[in-house]
Amino acid sequence: MALRFSKMHGSGNDFAVIDSRSGALALNPASIRAMADRHTGIGFDQLLSVEPARDGASAFYYGIWNADGSPSGQCGNGVRCVAAWLQRAGVLAIGETAQVQSPSGPVAVRVVDANRVTVDMGVPVFEPARIPFNATQMADRYSIEVDGQTLDIGAVSMGNPHAVVVVDDLLAPALARLGPALTAHTRFPEGVNTGFVQKLSPQHVRLRVHERGSGWTLACGTGACAAMAVLRRRGEVDAQVRVDLPGGTLQIDWVGPGERLWMTGPATFVYEGEWLGD
Ligand SMILES: N[C@@H](CCC[C@H](N)C(=O)O)C(=O)O
């Protein structure tokens, strides 16, 4: 059966967005993997499905699946694309704030203009059990053995799990091994999205993310939020930070622990298509 989709991206993190407002689709991991294939499928980092809200309070629900078919609780670049998609569908006005429901809870979105969206990403969660991360107590930094090295990491949940590693050189060859190794580390029982962050100034950082279920991506919205949360909690950055990723730039605003964190960035339509595979 033909399945209509919108191909979109947020700073190069790309998506197929499916209109499931008339009822959730029965998607299985094998068909998602087939659609995600960059040679024989549509090609995307994540599949997003826009569905009726399940909480009675939000305008819509959005489901998130990685390219390997695994589900996730949150997607920062994805939720901006969902908001832009809703605006294009005529159900969300420019400048209007709406609550949408992710698998990990509600977030508020505001389409600033035709391709820029601000999202209230909620309060970052540092308690290890809620990330989930195996550690005896909550800390600003943890030592972890990865691929024969001891790394200093921060750990946080933005609705999905993140490890953040501060580095001097984002192009260091060792990161190609450390990213996948940390993403699969057994101290993160559900896996983890691994961000390597280079500080340029208290208002400006660079970031590369190896994503759980999708590998290296050109941008990770929750990864940018996680980098901000870890660095700001350590007192190493200001309350507004520009995050440069390989595919684009995001602005993250966070006063500090216990407060809500805001992300602003682009959401871009590429084309509309029809998936004819099974
Ligand atoms: N690209 C996303 C995050 C997508 C989900 C992630 N790979 C996970 O498994 O948690 C973003 O922009 O946040």
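Residues numbered from 1 in each chain as written. Predicted model: local features only at pLDDT ≥ 70, side-chain atom pairs only at ≥ 80, totals over all residues.

Nonpolar side chains in soluble globular proteins tend to end up buried together. Counting residues in hydrophobic clusters, the biggest one holds 79 residues, and the most contacted among them are Val17, Val82, Ala224, Ala227 and Met228. Examining the composition of this core, we find that eight residues originate from one element, helix α4 (residues 221-233), more than from any other. A domain-level breakdown of this core finds at least three residues from each of domain 1 (3-121 + 266-275) and domain 2 (128-259). Once you skip the residues sitting within four places of it in the chain, Ala224 turns out to touch Gly76, Leu207, Val243, Leu245, Leu250, Ile252 and Met263. (Core = buried A, V, L, I, M, F, W, Y, C linked by C-beta atoms within 7 Å. Buried ≥ 20, exposed ≤ 12 C-beta atoms within 10 Å, placed from the backbone. Helix = DSSP H or I, 4+ residues; strand = E, 2+ residues; numbered from the N terminus. Domains from an automatic or database assignment. Contact = placed C-beta atoms within 7 Å.)

We now examine helix α1 (residues 29-36). Among the residues of α1, those classed as buried are Ile32, Met35 and Ala36. Buried residues of α1, viewed axially, fall in a sector of 95°; they line one side. In this structure, the buried side of α1 is in contact with β2 (13-19), β3 (46-52), β4 (60-66) and β17 (268-275). (Arc of directions from axis to C-beta.)

Those places that UniProt annotates as "binding site: substrate" (unreviewed entry) correspond, in this numbering, to Asn13, Gln46, Asn66, Gly76, Asn77, Asn160, Asn193, Glu211, Arg212, Gly221 and Thr222. Owing to 26 C-beta atoms within 10 Å, Gln46 belongs among the buried residues under this scheme. Setting aside residues up to four positions removed in sequence, Gln46 forms contacts with Phe15, Ile64, Trp65, Asn66, Ala67, Cys75, Gly78 and Ser214. Along the chain, the position of Gly221 falls in helix α4. (UniProt positions renumbered as here; feature names shortened; annotations may be inferred.)

Here the focus is the site of the ligand. The environment of the ligand is made up of 20 residues, and the closest members are Ser72, Asn77, Asn160, Gly221 and Thr222. Counting only elements with at least two residues in the shell around the ligand, the list comes to β4, α2 (76-88) and α4. The biggest single contributor to the shell around the ligand is α2, with three residues. In the shell around the ligand, the residues fall into three nonpolar, 14 polar and three charged. (Near = placed C-beta within 6 Å. Nonpolar A, V, L, I, M, F, W, Y, C, P; charged D, E, K, R; others polar.)

Relative to the elements of secondary structure, Glu51 occurs in strand β3. Distance from Glu51 to Ser22, taken between C-alpha atoms, is 7.1 Å for residues 29 residues apart in sequence.

Those residues carrying the UniProt feature "active site" (unreviewed entry) are Cys75 and Cys220 in this numbering. Taking the farthest pair of C-alpha atoms as the criterion, the annotated set spanning 146 residues converges on one region, since that pair is 7.7 Å apart. The residue Cys75 is located in the loop between β4 and α2 in this model. Setting aside its immediate chain neighbours within four residues, Cys75 contacts Gln46, Ile64, Gly221 and Thr222. Note on placement: Cys220 falls in the loop between β13 (215-217) and α4. Classification of Cys220 as buried rests on a count of 35 C-beta atoms within 10 Å. If near-sequence neighbours (up to four positions away) are discounted, Cys220 is found in contact with Asn13, Gly76, Asn77, Asn193, Gly195, Val209 and Glu211.

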